Amino acid sequence: MKTLRRTITLLLLLSLALKASATYLLIPMDDSQKNHLKAYGVAYWALEREVEVTWLLNYRGGTFMMKHADRLERECRLRGVSCEAIADGQSSAILSQIADPSVNMDAVKLQKAPKIAVYSPKSKLPWDDAVTLVMSYAEIPYDVVYDEELISGVLPTYDWLHLHHEDFTGQYGKFWANYRNQQWYIEDVRNQEAMAHKLGYAKVSELKLAVAKKIRDFVAGGGFLFAMCSAPDSYDVALASENVDICDVMFDGDPMHPNAQAQLDYSKCFAFKDFRISTNPSEYEISSIDIDQRSRMKVVNEKNDFFTLFEFSAKWDWVPTMLTQNHTRIIHGFMGQTTAFRKQYVKSGAVILAENKELGEVRYLHGDYGKGTWTFLGGHDPEDYSHFVGDPPTDLSLYPNSPGYRLILNNILFPAAKKEKHKT
C-alpha cells in the first residue's frame, strides 16, 4: 500500500513539474481533437484577451499554438476542447519543422479578434443560418445588422460581414410560386416594402441594390465578406443589373425590362461572368450560376455527394491555405438554394478552393476586391443535406467535428491575420 501511495505521489509531482515547465499550449486540429468547432471559439476567446495565437497551417489539421496560461487551459477543459501543454523546446522544434522548405506548412500570427456582423432580418423566417448556428455553438460573438443599419453606414465599424439566405435582386428568394399564400412570405414582403419606403426607396429591389453597393464599398475599403446559400449569386446578379429592372410584376409592381439580359454588366461582379438571369417568376433560381438541381439529382444523392478541397502552398499561398484548413480534404456535399457554382461562369481571377470535378461544380471560391476580400461557399447547412423551409435548426452538439462547418470558421478567424503574413 505504501509503495502504491509513493507511486501515485511521484506521478502527481511529475505531472505538476511538467505543467510548471510548460510554456506553450497546443490546440490540435487533427483527428485527435474532441471538438473542432469549439476549438475555434477558444482561439477567438484568446484573441479577445490580447493573447497572440499562432495558426500552424497544415500542421496536424491547422493546429493553434499560444503561450501557456492556466486560464487558457482551463477554458479548453470547460469547453471540451482537446489541448496539450508543451515546453519551449517542443515549440521550437515544431516551428523548425514547419519552416523546413521541403514541407507544405507555415505559421501565421493571429493578433486581434475581428468584429463580426451578420446581415439578417430582425423578423423570424422559417429557416436557419449555418454561420450564426456555428458562431453561437463556438461562443463567438456577433452583431445582427440589416438594411437600416447598412444604409446608415455602420459597416466600416466591422471587420467581417456574413450574408446567407438572401436575395439582393428584390425577388424575395423566388419563393413566390410555392409560398405566396404562406403567412411568413406575406409578412416578409410587407416588412421589406415598409423598410424600403421608410428609407426613401420606391421598390425593395432599389433598396437591396443600395445595400449591395454599401457591401461592395465595405469590401473595397478592406472588409472581409463571407457569403453562403443564395447570397453569392443574388449579390453578383444585383450588381450586374444595377441599371436594368430584372424583377417581374409580382415582385415590384411593374414588368421587367424586355431586354434585361443584354444589359447586364458583368464587370461589376465579384466572382461571376456571362451568366443568364432567370426570367421565369415560378422558377426557384435567380440565375444560371447555380448548378441545375434536377440534373444533379440524377447523378448524386446524399450518400455519394462529396467535394474536394484543393491543396495550396502554405508558404506562398497562405490565404487559400488558411481558408481550407481541415482534418480531411474530402467534404460531404450539402444543398441550398444555391448549391454549387457552374465553373464556366466563374471569373478567371477568382481562386477556386474546392470543387466536384466529376460534376464540374465549384463549391468554394475566394477573391480580392479593392483592399478587401470575399469568400463564397455553396449550400445552406453543412450537416443538413437538403434543408427545407420549416426544418428545425441543426443541433451542432451532434457534429462537433464537422469538416463543412470548419470551412465557415476558417473564414471567421481569417481577418485576425490582418492580411499580412507574420514570419515566426
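Predicted model, so just to flag it, every value in this text is computed and none were measured. (Residues numbered from 1 in each chain as written. Predicted model: local features only at pLDDT ≥ 70, side-chain atom pairs only at ≥ 80, totals over all residues. Heavy atoms only, no water.)

**Q** Hey, could you run me through the packing of aromatic side chains in this one?
**A** Aromatic ring pairs: the centre-centre distance and the angle between the two ring planes describe each pair. Applying the stated criterion to the full structure yields 22 aromatic pairs. Judged by centre distance (5.4 Å) and plane angle (50°), the rings of Tyr-179 and Trp-184 are tilted. Among the residues examined, Tyr-179 registers a relative accessible area of 24% and is labelled partly exposed. Following the ring pairs from residue to residue traces out a cluster consisting of Tyr-119, Tyr-146, Phe-168, Tyr-235, Phe-270, Phe-272, Phe-341, Tyr-369, Trp-374 and Phe-376. When the ring centre of Tyr-158 is taken as origin, the NZ or CZ atom of Lys-115, which lies over that ring, is 4.7 Å away. Over the face of the ring belonging to Trp-176 we find Arg-180, whose NZ or CZ atom lies 4.2 Å from the ring centre. (Phe/Tyr/Trp six-rings, centres within 6.5 Å; stacked < 30°, edge-to-face > 60°. Buried < 20%, exposed > 50% of the residue type's maximum accessible area, 1.4 Å probe, protein only. Lys NZ or Arg CZ within 6 Å of the ring centre and 35° of its normal.)

**Q** I would appreciate a short explanation of the pattern of salt bridges in the present structure.
**A** In a structure, side chains of opposite charge can pair up when their charged atoms sit close to one another. Applying the stated rule across the entire model yields 19 salt bridges. For Glu-242, the salt bridge is made with Lys-213, and the minimal N-O distance between the two is 3.0 Å. Residue Glu-242 is located in the loop between helix H10 (231-240) and helix H11 (249-252), and its partner Lys-213 is located in helix H9 (residues 204-220); the two are separated by 29 residues in the primary sequence. Its relative accessible area of 23% is what places Glu-242 among the partly exposed residues. Judged by relative accessible area, which is 27%, Lys-213 ranks as partly exposed. When salt bridges that share partners are traced, they join Lys-203, Asp-245, Asp-252 and Asp-254 into one network. (Salt bridge = Lys/Arg side-chain N within 4 Å of Asp/Glu carboxyl O. Helix = DSSP H or I, 4+ residues; strand = E, 2+ residues; numbered from the N terminus.)

**Q** What is the right way to look at the packing of helix H2 (residues 36-48) against helix H14 (residues 403-413) in this model?
**A** Relative orientation and spacing of two packed helices are given, respectively, by the angle between their axes and the distance between those axes. In contact at an axis separation of 10 Å, H2 and H14 are set at 10° when each is read in the N-to-C sense. Taken together, the axis directions place H2 and H14 in an arrangement best described as roughly parallel. Of the residues in H14, those touching H2 at His-36, Leu-37, Tyr-40, Ala-43, Tyr-44 and Leu-47 are Tyr-405, Arg-406, Leu-409, Asn-410 and Leu-413. Grouping the constituent residues of the contact of H2 with H14 by class yields 8 nonpolar, 2 polar and 1 charged. (Axes fitted to C-alpha atoms, helices over the stretch in contact; angles between N-to-C directions. Parallel < 35°, antiparallel > 145°, perpendicular 65-115°, else oblique. Contact = heavy atoms within 4.5 Å. Nonpolar A, V, L, I, M, F, W, Y, C, P; charged D, E, K, R; others polar.)

**Q** Would you explain the nonpolar core in this entry?
**A** Ile-27, Phe-64, Met-66, Leu-110, Met-322, Ile-408 and Leu-413 are the most contacted members of the largest nonpolar core, which totals 64 residues. Ranked by residue count, the leading element in this core is H2, at 9 residues. Apart from residues lying up to four places away in sequence, Met-66 is in contact with Thr-23, Tyr-24, Leu-25, Ile-27, Ala-46, Val-51, Glu-52, Val-53 and Leu-72. Formed by 60 residues, the second largest nonpolar core is a distinct cluster that contains Val-145, Leu-150, Trp-176 and Val-362. (Core = buried A, V, L, I, M, F, W, Y, C linked by side-chain atoms within 4.5 Å.)

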